[in-house]
Amino acid sequence: MGIQTILHPSWFQGSTADHPYFEGWYFKMSTNDTQVPVLAVIPGIARTAGEQHAFVQVITRERSWYVTYPYESFLAAKDSFHVSVGPNTFSLHGITLSLDHEDLHLKGTVSHLQCRPFPVSLVRPGIMGWYAYVPWMECFHGVVSTHHKLAGRLHLNDHAVDLTGAVGYIEKDWGRSFPSAWIWMQSNRFCSHEVSCMLSVARIPFLGRTFTGFLGFVSLEHRLITFATHTGAKIEQIESNDHQASVTIRTKGTRISFKAEPGASSRLVAPRQGAMERMITESVNGKIHLTISDGKKGTWFEQTAKSAGIELSEAQNISVG
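Below, the structure is looked at part by part.

### Quick word on the overall build of the protein
Alright, step 1. Regarding its fold elements, the protein presents one helix and 22 strands.
Alright, step 2. For the protein, the proportion of its 321 residues judged to be buried stands at 57%.
Alright, step 3. Contacts in the protein between residues at least 24 apart in sequence constitute 56% of all its contacts with a sequence separation of at least 6.
Alright, step 4. Here the protein displays about 13,800 Å² of accessible surface, and carbon together with sulfur accounts for 52% of that area.
Alright, step 5. Within the protein, the 27 negative side-chain charges are centred at a point lying 9 Å from the centre of the 28 positive side-chain charges.

Following this line, the structure appears as structure tokens:
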């Protein structure tokens, strides 16, 4: 990866990467539709020594679909965030979908308005901080838009989903494999508008050893709170299993507590050594109870978000330290 690519995590990172390799972008849409309250779409690629393909994965609160395409159908701009898989296109500004696969028929155009990109600098190229410069990391993570509004209409199996008043979120992963165990949660559907949060905690292999690493953010209307292993923040408390997770992060002067409760879950396909063969579970309709406090004000933010994306994969194997 060149420096320009590292400084633009949303761009396609895999043009010069050897196999095994995967890369995928996660577009989450939280709607006001009672039948389809949440919809997530993941375009991406997977490469191994013996096989390569492109894909689009679709997730609802009830089920998921994994649609494969020839690798040659994947196209990515060299100097911007714009990718396509077959007739489906994806960028910071919106997506166009035309999926016909067995019992999945998903079509329409979605516009992204008032996007809030995650800040990037030479010192801290995205949410991974200096770890983004380490070429042997097993998995890289990027946050593309912490929060944006949606406009447009989708048709999911003949049901029209009006996106008026809906909100969106975009992140991505790339590398060789997902971690052996992780906790991930995200929502931007709080009572207070413009609030968004994400937390990822995982077992990270590094230089022959493994450590518990984490990264995340809370985006408020006029403030972005970031925290990660590389920022000096600490995990004060963690309790997790297949059904819930509770994590408390302490930064300099601030204490942030997350309590995640998954809702109905769907089975997803995840990468292992470049091959999309690992089955995991994700709920896109869970809840996150978020509390923020400090020594001066005490608890100054406490709300519960709905339409939360939650993954608890081997979460019971994650501990502090």
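### Some words on the packing of aromatic side chains
Alright, step 1. Following the criterion strictly, the structure yields 20 aromatic pairs and no others.
Alright, step 2. Seen in terms of ring centroids, Trp25 and Phe81 are 6.4 Å apart; in terms of plane orientation they differ by 15 degrees. Their pairing is stacked. Here Trp25, found in strand S1 (residues 21-30), pairs with Phe81, found in the loop between strand S5 (74-76) and strand S6 (82-85); they are 56 residues apart in sequence, far enough to count as distant. Each member of the pair Trp25 and Phe81 is classed as buried.
Alright, step 3. Relative to Trp184, the ring of Tyr26 has its centre 5.4 Å away and its plane inclined at 80 degrees; by these criteria the two rings are edge-to-face. Pair noted here: Tyr26 is in strand S1 and Trp184 is in strand S13 (residues 182-187), with a separation of 158 residues, a long-range link.
Alright, step 4. We note Lys172 situated over the ring of Trp174; from NZ or CZ to the ring centre the distance is 4.7 Å.
Alright, step 5. Directly above the aromatic system of Trp300 lies the positively charged group of Lys297, at a separation of 5.7 Å from the ring centroid.

### Quick notes on the pattern of salt bridges
A side chain with one charge can pair with a side chain of the opposite charge if their charged atoms come near.
Alright, step 1. What the rule picks out here adds up to seven salt bridges.
Alright, step 2. The salt bridge involving Glu194 is made with Arg116; its shortest N-O contact spans 3.2 Å. Separated by 78 residues along the polypeptide, Glu194 in the loop between S13 and strand S14 (196-206) and Arg116 in the loop between strand S9 (104-113) and strand S10 (139-156) bring together distant segments of the chain.
Alright, step 3. Among the ionic pairs, Arg255 bridges to Glu236, the shortest N-O distance being 2.6 Å. With a gap of 19 residues between them, Arg255 in strand S19 (residues 254-261) and Glu236 in strand S17 (residues 234-240) connect regions that are remote in the sequence.
Alright, step 4. Here Glu236 falls in the partly exposed class, since its relative accessible area comes to 36%.
Alright, step 5. Here the salt bridges do not stand alone but share partners, grouping Glu236, Arg250 and Arg255 into one network.

### Looking at the pairing of S14
Alright, step 1. The element S14 is extensively covered by neighbouring structure, given that ten of its eleven residues are classed as buried.
Alright, step 2. The pairing of S13 with S14 spans six bridges and is classified as antiparallel. Bridge pairing in S14 links Gln186 to Met198.
Alright, step 3. Linking two consecutive strands that pair antiparallel, namely S14 and strand S15 (residues 209-220), is a turn of two residues; a positive phi of about 55 degrees is found at Leu207 within it.

### A few points about the side chain of Ser196
Alright, step 1. As for its position among the elements, Ser196 is in strand S14.
Alright, step 2. For Ser196, a relative accessible area of 0% corresponds to the buried category.
Alright, step 3. Only 2.6 Å separates the side chain of Ser196 from the backbone oxygen of Thr146, close enough to count as a polar contact.
Alright, step 4. Setting aside chain neighbours within four positions, we find Ser196 in contact with Thr146, His147, Tyr169, Gln186, Ser187, Asn188, Phe190, Phe217, Val218 and Ser219.

Scoring rules and cut-offs
- Residues numbered from 1 in each chain as written.
- Predicted model: local features only at pLDDT ≥ 70, side-chain atom pairs only at ≥ 80, totals over all residues.
- Heavy atoms only, no water.
- Helix = DSSP H or I, 4+ residues; strand = E, 2+ residues; numbered from the N terminus.
- Buried < 20%, exposed > 50% of the residue type's maximum accessible area, 1.4 Å probe, protein only.
- Contact = heavy atoms within 4.5 Å.
- Areas by Shrake-Rupley, 256 points an atom, 1.4 Å probe, with all protein chains shown as cover.
- Lys, Arg positive; Asp, Glu negative; His and termini not counted.
- Charge placed at Lys NZ, Arg CZ, Asp CG, Glu CD.
- Phe/Tyr/Trp six-rings, centres within 6.5 Å; stacked < 30°, edge-to-face > 60°.
- Lys NZ or Arg CZ within 6 Å of the ring centre and 35° of its normal.
- Salt bridge = Lys/Arg side-chain N within 4 Å of Asp/Glu carboxyl O.
- Pairing = 2+ DSSP bridges.
- Polar contact = N/O pair within 3.5 Å; in protein donor to acceptor, adjacent residues only side chain to side chain.

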